[in-house]
Amino acid sequence: MEVPEDHLLLPISKPKKGAGGETGAWRVYRPVIDPAKCIKCMMCYMYCPEAAIEVSNRNEIPRIDYRYCKGCLICYEVCPVPGKAIKIERETGEKS
Amino acid sequence: MKRYDVITGNYSAAWGARLSKVEVIAAYPITPQTTIVEKLSEWVDKGEMKAKFIAVESEHSAMSAAMGASAAGARAFTATSSHGLLYMYEMIAWAAGARTPVVMAVVNRALGPPWNIWSEHTDVLMTRDTGWIQFWASNNQEVLDSIIQAYRVAEDKHVLLPAMVTLEGFVLSHTAMPVTIHEQDKVDSFLPPYNPPHYVVNPMISEPFTYGNILFPWDYAKVRMSIERAMINSIDVIKKAAKEFEEIFGYSHGALIKEENVENADVAIIAMGAVAEEVEAVSEQLRKDGLKIKAVKVRVFRPFPKREIAEIANSVSKIIVIDRDISFGWDGILASHVKAVLHEYKVDTPVFTKIMGIGGDDILPEHIVKAVKDVY
């Protein structure tokens, strides 16, 4: 091991998109937002633990970034629309 | 204005924090520490101190809050004792790794069971491997002055490690002595405001980031090595701070160690805390009886004054180490350090461990005299 001369090596990490790699391949189930049913309540955006749901403004339908979505389906759980505005699809293993 | 007060060690510690202009105090009461933070809380409440007092629910939280305040750029202070110290143990290690120069007063108290509230050094010595600098005060004036010096050393850009100032429970904490309370402008000239040179976690002034995320062994080892470098750097910083302190205030408590009655000494007695001051008095008495005894106070236990101890060992024929502590199945903790230094520096002066004063048992002059006569 190279011995550092510095007395102040600081383990500081800054936020960066996808710092842990593209985790979308972990997904077994894919949440898909139905634009016809979506009421733009932003619950899915708020609750996504991976910050993989994006919106640029309040009047937009949220977009799921499938490069990072791990398929936990919390967005589906919190969707308040009767009958759900998010559908669940089984991943086929093919690249999307 | 400079003033003389007759105050306890705990009030001296509170004055040390006040004169250091601490900005955040996070603390939980525990005997015999309680009156330190009670006094500070009173001053904050009356508006005599411009500081935020956080009354936390445990010592673990006290250190967490102090560390957080320090990371956000504030000068932070806390105080504890014994079981409280051990309850915050996890955060003690974290504060050093986070390089937050928190200063903490620790009032030595024995650990239970059996329940005991009196002085013993084992509590603080249990934290020796955490990366904290340790000052051991021998009297109330030194308590006050060491807190000011501790901030100066801890916040130095070559160090940036937290520091403890320890004082013995009741022997100092609740015993009143004359103490000089320095003029604020003199303290200010010795201790400038804290200006973190390494990082500030404050969303108002910095971009968001995480400190201390997982690191793999090869990088982790480098970070830990940098703490060792900072600890080595602190040796010169402590000496410089002690020298400048003397220039400004006109007296000294020593830097890493302090020796008394050094002339033609045959035997050195090494001790820490209030015990060291008693050893000094006994050595004067014994010199009148013709026994050439040198009194050595280890003022800073981390970083350990290796070179200084080796030099002392080279100058005497025997060493007695008085330990108000014990490492079960091993030795007195201070004595075992002295023995290790002698091996490293290839000095073969015999070292005799004398364990005394456990759980606040009085260490009387005749006990020290007997220890000397046993080996002289």
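Only a predicted model underlies this, so the values are computations on that prediction, with no experimental measurement involved. (Residues numbered from 1 in each chain as written. Chains lettered and ligands numbered in written order. Predicted model: local features only at pLDDT ≥ 70, side-chain atom pairs only at ≥ 80, totals over all residues.)

1. Focus: the overall build of chain A
Put simply, the test is: Runs of E in the DSSP output that reach at least two residues are strands. Runs of H or I that reach at least four are helices, and both are numbered from the N terminus. Both definitions apply: the radius of gyration is a C-alpha atom measure, and the globule rule equals 2.2 Å times residues to the power 0.38. Counts of 20 or more other C-beta atoms within 10 Å of a residue's own C-beta define buried residues, counts of 12 or fewer define exposed ones, and intermediate counts define partly exposed ones; C-beta atoms are placed from the backbone. Note on contacts: each residue gets a C-beta atom placed from the backbone, and two residues are in contact if those atoms are within 7 Å.
A count of helices and strands for chain A gives two helices and five strands. Reading the secondary structure of chain A in the N-to-C direction produces β-β-α-β-β-α-β. Computed over C-alpha atoms, the radius of gyration of chain A comes to 18 Å, more than 25% over the 12 Å expected from 2.2 N^0.38 for 96 residues, which places it beyond the range of a compact globule. Considering only C-alpha atoms, chain A reaches an extent of 60 × 35 × 20 Å along its principal axes. Residues classed as buried in chain A amount to 18% of the 96 residues present. A separation of at least 24 residues holds for 67% of the contacts in chain A among residues at least 6 apart in sequence.

2. Quick notes on the packing of helix 7 (residues 140-154) of chain B against helix 9 (residues 217-249) of chain B
Residue and element names in this part refer to chain B. Note the following rule: Every axis corresponds to a line fitted to the C-alpha atoms, with the helix fit spanning only the stretch in contact, and the corresponding angles, defined between N-to-C directions, vary from 0 to 180 degrees. Under this scheme an angle from 65 to 115 degrees is roughly perpendicular, one under 35 degrees roughly parallel, and one over 145 degrees roughly antiparallel; angles in between are oblique. Should the near helix be turned anticlockwise from the far one by less than a right angle, the crossing is termed left-handed; should it be turned clockwise, right-handed. Under the grouping applied here, Gly and all other residues not named as nonpolar or charged are polar, the nonpolar ones being Ala, Val, Leu, Ile, Met, Phe, Trp, Tyr, Cys and Pro and the charged ones Asp, Glu, Lys and Arg.
Interaxial distance between helix 7 and helix 9 falls to 10 Å at its minimum, and their mutual angle equals 135 degrees. Between helix 7 and helix 9, the angle is such that the two are oblique. In this structure, helix 7 crosses over helix 9, and the sense of that crossing is right-handed. Note on element contacts: helix 9 touches helix 7 through S234, V237, I238, A241, A242 and F245, opposite D145, Q149, R152 and V153. Partitioned by chemical class, the residues of the contact of helix 7 with helix 9 number six nonpolar, two polar and two charged.

3. Examining the packing of helix 11 (residues 306-315) of chain B against helix 12 (residues 333-344) of chain B
Residue and element names in this part refer to chain B. Two elements in contact, helix 11 and helix 12, have axes whose closest approach is 9 Å; the angle formed by their N-to-C orientations is 80 degrees. Considering their axes alone, helix 11 and helix 12 lie roughly perpendicular with respect to each other. Residues K306, I309, A310 and A313 of helix 11 form the contact with helix 12, whose participating residues are V338, V341, L342 and E344. Here the contact of helix 11 with helix 12 is built from residues that sort into six nonpolar, no polar and two charged.

4. Describing the interface of chain A and chain B
In this complex, chain A contributes 13 residues to the contact, which on the side of chain B involves 22 residues. Within the side of chain A that touches chain B, the residues separate by chemical class into nine nonpolar, two polar and two charged.

5. Regarding the pairing of strand 4 (residues 76-80) of chain B
Residues and elements named next belong to chain B. Quick note on the threshold: Following DSSP output, two strands are said to pair if at least two bridges run between them.
Burial within strand 4 is extensive, with five of its five residues counted as buried. On strand 4, burial covers both faces: A76, T78 and T80 on one face and F77 and A79 on the other are all buried. Of the pairings in the sheet, the one linking strand 2 (residues 24-27) to strand 4 comprises two bridges and is parallel in character. Of the residues in strand 4, the one forming a bridge with I25 is F77.

6. Some words on the environment of A:Y76
All names here are of chain A. One can find Y76 in helix 2 (residues 74-78). A sequence separation of 44 residues divides Y76 from V32, and the C-alpha atoms of the two residues are 9.1 Å apart. Beyond its immediate chain neighbours, meaning those up to four positions away, Y76 contacts P31, K84, I86 and I88.

7. Considering the sheet that holds strand 4 of chain B
Residues and elements named next belong to chain B. An order of 3-2-4-5-7-6-13 is seen for the seven strands of this open sheet, with the pairing classed as mixed. Two strands in the sheet have a free side with no partner beyond their single neighbour: strand 3 (52-55) and strand 13 (300-302). Strand-to-strand, the axes of this sheet are offset by a mean angle of 20 degrees, without reference to chain direction. As paired strands, strand 2 and strand 3 are joined by four bridges and run parallel to one another. Within strand 3, the position partnered with V24 by the bridge is K52.

8. Looking at the confidence of the model for chain A
To be explicit about the condition: Predictor confidence is given residue by residue as pLDDT, running from a minimum of 0 to a maximum of 100.
The predicted model of chain A averages 91 in pLDDT, with 94% of residues at 70 or higher. Of all helices and strands in chain A, the one with the weakest mean pLDDT is strand 1 (residues 12-13) of chain A (90), whereas helix 2 of chain A scores best (98).

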